[in-house]
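Architecture and fold: a report
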Amino acid sequence: MASTGEKKLVRSKSGLRMVTVDDRVHSPFILSEPEWTPDSTCKVCQNPECQAKFDLFNRKHHCRRCGKCFCTKCTSGLMILPRMCFVDPVRHCEICINITKKENEFFDRHLKALLNGSVFNILDSNSNPEQGELFTCRLSQDHRKLEFVGEQSKRESIPVDKMESVQIVASETDQQGNRLGTGIAIRYLAGIPSTGETEIVKMTVDEGGLAKKTGMAWIAAMQKAFKMVYESKNP
Ligand SMILES: [Zn+2]
Ligand SMILES: [Zn+2]
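Residues numbered from 1 in each chain as written. Chains lettered and ligands numbered in written order. Predicted model: local features only at pLDDT ≥ 70, side-chain atom pairs only at ≥ 80, totals over all residues. Heavy atoms only, no water.

The chain appears in an unreviewed UniProt entry as FYVE-type domain-containing protein from Littorina saxatilis.

The structure is reproduced here in structure tokens:
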């Protein structure tokens, strides 16, 4: 078996983390631990609305997500933080806990949809619009690439870190008035990286097929995934 997906337990100042043995193959959703604000520079709680003075009774705590220094009251929330691979729930400040809460919804629901995959009609930037072909598309188990399985043909997978943009190209409105994507165009770096050459793959849900609903859920999940990866690269 390939060793690329192997994981190990490591201890950090914030707690135990389960990480890939080979750091180069970690999931694109993973964030590295922040630098902690040094204790010596921090006299008051870094929540601007609190600013309580630290002393013997009012102790300092670091938010595991942003690394800033807060009083007990302002870091009372514990939450699992899968993006930093902690095994147990960790201390969060009030701003970070809301971000993590939203992201954990992604890990609970949307990531599963991406891994399960769905059937799409697939068109390339240079193919004739009339000649799409059905492929099952899913995120690989290590989260690092989109894989395509066709009945007859093969397609190269697309590395998640090569994606440049994700755009909804077709949508419909549900009964509550929400617009739901039925087609998505993914632009990605192709060929030799230094040339910056990109290609676009256009994926639309199989309208008549049973996979329409899972396809739409997959598209919504893909948008969230791309946003998360993009924002962690461009904070
Ligand atoms: Zn924080
Ligand atoms: Zn405080």
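Text resumes after the structure shown.
**Side note on the overall build of the chain**
When you go through the chain residue by residue, the secondary structure sums to two helices and 13 strands. The C-alpha extent of the chain, read off along each of the three principal axes, is 70 × 45 × 35 Å. Looking at the chain residue by residue over its 235 residues, the buried ones come to 38%. Long-range pairs, those at least 24 residues apart, make up 44% of the contacts in the chain between residues at least 6 apart in sequence. Charge centroids of the chain, computed over 34 positive and 29 negative side chains, lie 8 Å from each other. (Helix = DSSP H or I, 4+ residues; strand = E, 2+ residues; numbered from the N terminus. Buried < 20%, exposed > 50% of the residue type's maximum accessible area, 1.4 Å probe, protein only. Contact = heavy atoms within 4.5 Å. Lys, Arg positive; Asp, Glu negative; His and termini not counted. Charge placed at Lys NZ, Arg CZ, Asp CG, Glu CD.)

**Some words on the side chain of N104**
Structurally, N104 is set in helix α1 (residues 94-116). A relative accessible area of 9% means that N104 is categorised as buried. A polar atom in the side chain of N104 sits 3.0 Å from the backbone oxygen of I80. (Polar contact = N/O pair within 3.5 Å; in protein donor to acceptor, adjacent residues only side chain to side chain.)

**Concerning the sheet that holds strand β9 (residues 145-150)**
What the seven strands build is an open sheet, ordered β10-β9-β8-β7-β13-β12-β11; its pairing is antiparallel. Each of the sheet's edge strands pairs with one partner strand only, and the pair in question is β10 (158-159) and β11 (163-173). Where strand β8 (residues 133-139) meets β9, five bridges bridge the pair, whose relative direction is antiparallel. Across the sheet, R138 pairs through a bridge with E147, a residue of β9. Running over the sheet, helix α2 (residues 212-233) touches β7 (118-124), β8, β9, β11, β12 (179-189) and β13 (198-205) and is turned about 140° from β11. (Pairing = 2+ DSSP bridges. Axes fitted to C-alpha atoms, helices over the stretch in contact; angles between N-to-C directions.)

**Side note on the coordination of the zinc ion (ligand 1)**
For the zinc ion (ligand 1), the full set of protein donor atoms is C63 (SG), C66 (SG), C93 (SG) and C96 (SG), and the range of their distances to it is 2.3 Å. Motif for the zinc ion (ligand 1), donor spacing along one chain: C-x2-C-x26-C-x2-C. Classification of C63 as buried rests on a relative accessible area of 0%. C66 gets classed as partly exposed once you look at its relative accessible area, which sits at 27%. (Donors = N, O, S within 2.8 Å, 3.2 Å for Na, K, Ca; no water.)

**Quick look at the coordination of the zinc ion (ligand 2)**
Those protein atoms acting as donors to the zinc ion (ligand 2) are C45 (SG), C50 (SG), C71 (SG) and C74 (SG), and they sit at 2.3 to 2.4 Å. For the zinc ion (ligand 2), the four donor atoms are set out with angles of 103 to 119° between them, so the coordination reads as tetrahedral. (Tetrahedral: all angles 85-135°; square planar, octahedral: opposite > 155°, others 65-115°.)

**Some details on α1**
Since the α-helix packs 3.6 residues into each turn, any two residues three or four apart lie on the same face. The end-to-end C-alpha separation of α1 is 33 Å, in line with the 33 Å expected for 23 residues at 1.5 Å each. Maximal helix bending in α1 amounts to about 40°, located at F107. Regarding α1, the residues found buried are C96, I97, T100, E103, N104, F106, F107, H110, L111, L114 and L115. Phi turns positive, to about 80°, at G117, one or two residues after α1. (Expected span 1.5 Å × (residues − 1). Bend = angle between axes of the 7 residues up to and from the residue.)

**So, the UniProt feature "domain: FYVE-type" (unreviewed entry) in the chain**
UniProt's feature table lists "domain: FYVE-type" (unreviewed entry) at residues 36-101, given in the numbering used throughout. Between the C-alpha atoms that bound residues 36-101 there is a distance of 21 Å. The span itself is 12% helix and 15% strand. (UniProt positions renumbered as here; feature names shortened; annotations may be inferred.)

**Focus on the pairing of β8**
In summary, the side chains of a regular strand alternate between the two faces of the sheet. Relative to β8, β7 is paired through five bridges, and the arrangement is antiparallel. By the bridge assignment for β8, S118 is matched with C137. As consecutive antiparallel partners, β8 and β9 are separated by five residues, and within that stretch H143 has a phi angle of approximately 70°, a positive value.

**Regarding the pattern of salt bridges**
Tallied over the entire structure, the rule returns six salt bridges. Between E172 and K212 there is a salt bridge; the shortest N-O distance is 3.2 Å. With E172 in strand β11 and K212 in helix α2, the pair connects residues that are 40 residues apart, well separated along the chain. As a salt-bridge pair, E207 and K212 come within 3.2 Å of each other at their nearest N and O atoms. Through salt bridges with shared partners, a single ionic network connects R65, R83 and E103. (Salt bridge = Lys/Arg side-chain N within 4 Å of Asp/Glu carboxyl O.)

**Thoughts on the pairing of β13**
Pairing of β7 with β13, which is carried by five bridges, proceeds in the antiparallel orientation. Within β13, the position partnered with F120 by the bridge is V205. Bridging between β12 and β13 involves seven bridges; their strand directions are antiparallel. Bridge pairing links Y188 to E199 in β13.

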